[in-house]
Amino acid sequence: MVEQSVPADSVSALRESALAAAGVRGIFTNLIDGKSVGARNNLDVLDPATGELLAKVPDIERDGMDAAFAAARRAFSSWSKLTWEARRSILEKAFENVKAHREELVTLLMAEGGRPRSLALWEVAAVLDDFAPGVLAQSLPDVEATQPGVGRVTRHYAPLGVVVAISPWNLPLLLSYDKVVPALIAGNTVVLKPSFYTPLTVLRVAELVRDILPAGILNVVTGGDNVGPWMTSHPEADKISFTGSTQTGRRVFESASQTLKHLTLELGGNDAGIVLPDVDVDAVIAPIFWGMFLVNGQGCITIKRLLVHESRYDEVAAALSKFAGEQVMGDGFDPATTIGPIQNRAQLLRLQATWAAIQKDGVAVLYRGEEIEGKGNFFPVTILDNPSPHADYVKLENFGPLRSLIKYSTIDEALAIANSTDYGLGGSVWGRDPAELDAVAHRMEAGTVWINQHLVVNPSVPFGGNKDSGFGVQYGAEGLKEYCYLRVISAKT
Ligand code: NAD
């Protein structure tokens, strides 16, 4: 259904009444040792659609950070001794209270993320209805077997201790609590840091579970550039689960090396989608478009390069441009908006610099939406028309609505292009012949390869990257095991 756009002053009124109902204005607090705490200084959280101040959050100092780790360490001794069932029942009770505040969380995500309502609803539902219950239903029971020459061998999955969870700004709620829930159910305690660009929804959830969870098992802190390095080098941290850019991932790796912390690194991506000659364009154009532009292209696993066989290139190009032309970019509080702003000014500036390099090279442009004037962080949907697959602006990660449509002649050529970047996060193949789709999928050097879909993640299906997209996995039994160490008990029989 296409919603009617409303005048700018009405959008502003819609925003104000939603924010007032959700109690957004003011200073949010951190959660440390079961208490809501502030700091001497605060950071501004800006509205990406208007550039205006939304709220403030604590800029934690070293003593506050140390208090969070001390609380997590103290809480670990009792939390880790509970059974999975006991932990599950406490966590389920906490999530029930979060669910009762769903509408408030949707408003917060719309405001800080610059999201249309449908997208904010999707992310909140992904956490509350899908990932949290999906992960809470899992467990890692002991596996016992008799090994001739050894005896009775038991594989026991024991929690690691204090987990550092660090998340990015593009899907702040999902990429924070997809770490917290498995870490906690497995018996660890957590110190979580969301991005300072998008801390509000994450902090509000922490407040909602504060009085239900035992003190110290979940601590949530916010702060500036010094906070991440403090956490990843902290002597009390046993494991780091990090989602963010490859550049920061390298720093985390280095910082964690001194104390040999366990690591899961979910980093950047430059996914290719390969469109085969037998594709049904009408059937795939919507999932391909949203595979490219979901969250305004600010997705690690969005399709950044769409490789199309030369026999279908013009048809796909026309269908994609038409679909793009039907989208409405604007303020997420306008009911007509389907694509919101870039979440932060620094990311907008990066995209604008890339766009300047593209223009300097005189690259053909298949589609470019209208510029939006004003203080919001808007960058028009842009699709390049068969640029060189080796240009920097194609091989590096464009984290925003800037994409490339690339023509290929043979499947070997398509695979060579798809696998030519330093990244290996996701990829997809689109067509009709199951055997051909499967054969191509098996040759893509990515952690997840989808067939006739993209961006489908599930709490039961492991997800992780190859090459510079990181290592380790989240989700599924494999993901849960990353919050444990294997204790083998070998008994003489
Ligand atoms: P970023 O690397 O700038 O920041 C990620 C987080 O790390 C933030 O909370 C940030 O404050 C923190 N941080 C910054 N410097 C740090 C340091 N030295 N030590 C520890 N923490 C530090 O990434 P971003 O701009 O917030 O997010 C976009 C990036 O995240 C993109 O590259 C995207 O592909 C990637 N991403 C990957 C996945 C995945 O699952 N692989 C998912 C989403 C986003």
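All values derive from a computational prediction rather than experimental measurement. (Residues numbered from 1 in each chain as written. Predicted model: local features only at pLDDT ≥ 70, side-chain atom pairs only at ≥ 80, totals over all residues. Heavy atoms only, no water.)

### Side note on the sheet that holds strand β5 (residues 143–147)
What counts, and what does not: One bridge is not enough; two strands pair if DSSP finds at least two bridges between them. The numbering of helices and of strands both runs from the N terminus, where a helix is a DSSP run of H or I of at least 4 residues and a strand a run of E of at least 2. A fitted line through C-alpha atoms serves as each axis, taken over the contacting stretch for helices, and the angle formed by two N-to-C directions is quoted from 0 to 180°.
Ordered in space as β5-β6-β24, the three strands form an open sheet in which the pairing is antiparallel. Strand pairing shows two members of the sheet lacking a second neighbour, β5 and β24 (484–491), which therefore form its edges. Ignoring strand direction, the axes of neighbouring strands in this sheet form an average angle of 25°.

### Things to note about the side chain of Thr50
Our working definition: A contact between two residues is defined here by any heavy atoms of the two lying within 4.5 Å.
With respect to the helices and strands, the residue Thr50 is situated in the loop between β3 (42–46) and β4 (53–58). Setting aside residues no more than four positions away along its own chain, Thr50 makes contact with Arg15, Asp331, Lys375 and Gly376.

### Structural notes on the pattern of salt bridges
Note the threshold: Criterion for a salt bridge: a side-chain nitrogen of Lys or Arg within 4 Å of a carboxyl oxygen of Asp or Glu. For every residue, the accessible area (1.4 Å probe, protein chains only) is compared with the maximum for its type, and the residue is labelled buried under 20%, exposed over 50%, or partly exposed between those bounds.
For the coordinates displayed, the defined rule picks out 25 salt bridges. The partner of Glu61 in a salt bridge is Arg40, and the shortest N-O contact between them spans 2.3 Å. One end of the pair, Glu61, is in the loop between β4 and α2 (62–79); the other, Arg40, is in the loop between β2 (35–37) and β3, with 21 residues separating them in the sequence. Under the relative-accessibility criterion, Glu61 is labelled partly exposed at 23%. Arg40 sits in the exposed class, given a relative accessible area of 61%. Here Glu326 and Lys322 are joined by a salt bridge, their closest N and O atoms 3.2 Å apart. Under the relative-accessibility criterion, Glu326 is labelled partly exposed at 46%.

### Describing the confidence of the model for the protein chain
Just so we agree on the cut-off: Each residue carries a pLDDT value, the predictor's own confidence for that position, ranging from 0 to 100.
Scored by pLDDT, the protein chain has a mean of 96; 99% of the residues are at 70 or more. By mean pLDDT, the top-scoring element of the protein chain is strand β8 (residues 189–193) (99), and the lowest-scoring one is helix α1 (residues 8–22) (83).

### What about the sheet that holds strand β18 (residues 426–430)?
Sheets are built from strands paired through backbone hydrogen bonds, the pairs being either parallel or antiparallel. Spatially, the seven strands line up as an open sheet ordered β14-β15-β16-β13-β12-β18-β19, and their pairing is mixed. With one partner strand each, in any of the chains shown, β14 (365–368) and β19 (448–451) form the two edges of the open sheet. With strand direction ignored, the average angle separating the axes of adjacent strands in the sheet is 20°. Of the pairings in the sheet, the one linking strand β12 (residues 271–275) to strand β13 (residues 303–309) comprises five bridges and is parallel in character. When the bridges of β13 are listed, Ala272 appears paired with Arg305. Where helix α11 (residues 313–325) meets the sheet, its contacts fall on β12, β13, β14, β15 (382–385) and β16 (402–408), and the angle it forms with β16 comes to roughly 165°.

### Quick notes on the UniProt feature "active site" (unreviewed entry) in the protein chain
Where we set the bar: UniProt positions are given in the numbering used here, feature names are shortened, and annotations may be inferred rather than shown by experiment.
Residues annotated in UniProt with the feature "active site" (unreviewed entry) correspond here to Glu266. Along the chain, Glu266 turns up in strand β11 (residues 262–266).

### Some words on the domain arrangement of the protein chain
Note the threshold: All domain edges in this entry derive from an automatic or database-based domain assignment. Two parts placed together each lose some accessible area; with a 1.4 Å probe, that loss summed over both constitutes the buried area. In protein, a polar contact means a hydrogen-donor-capable atom and an acceptor-capable atom, both N or O and within 3.5 Å, with residues adjacent in sequence counting only if both atoms are side-chain atoms; elsewhere, any N or O pair within 3.5 Å suffices. Three residue categories are used. Nonpolar comprises Ala, Val, Leu, Ile, Met, Phe, Trp, Tyr, Cys and Pro, charged comprises Asp, Glu, Lys and Arg, and polar comprises the others, including Gly.
One can read the domain layout of the protein chain as domain 1 (14–267 + 469–491) and domain 2 (271–458). Look at where the C-alpha atoms of domain 1 and domain 2 centre, and you get two points 30 Å apart. Counting residues at the interface gives 29 residues for domain 1, matched by 29 residues for domain 2. Contact with domain 2 buries surface across domain 1, with Pro48, Trp169 and Ser469 losing the most and accounting together for 24% of the total. The tally of links between domain 1 and domain 2 comes to one salt bridge. Asp331 is paired through a salt bridge with Arg15; the nearest N and O atoms lie 2.8 Å apart. There are seven residue pairs in polar contact (both at pLDDT 80 or more) connecting domain 1 and domain 2. Breaking the side of domain 1 that touches domain 2 down by element, the ones donating at least two residues are α1, α4 (102–113) and α5 (117–136). Among the elements that make up the side of domain 1 that touches domain 2, the one with the highest residue count is α4 (five residues). Here the residues of the side of domain 1 that touches domain 2 sort into 15 nonpolar, nine polar and five charged.

### Quick notes on α1
The line we're drawing: One fewer than the residue count of a helix, multiplied by 1.5 Å, yields its expected span. What the arc describes is the spread of directions from the helix axis to the C-beta atoms.
Compared with the 21 Å implied by 1.5 Å per residue over 15 residues, the 21 Å span of α1 between its first and last C-alpha is a close match. Val11, Arg15, Ala18, Leu19 and Ala22 are the residues of α1 that are buried. Buried residues in α1, looked at end-on, bunch into an arc of 100°, giving them a common side. Exposed and oriented more than 90 degrees from the buried face of α1 are Asp9, Ala20 and Ala21. Lining the buried residues of α1 we find β4 and α4. Directly beyond the C-terminal end of α1, a positive phi value near 65° is found at Gly23.

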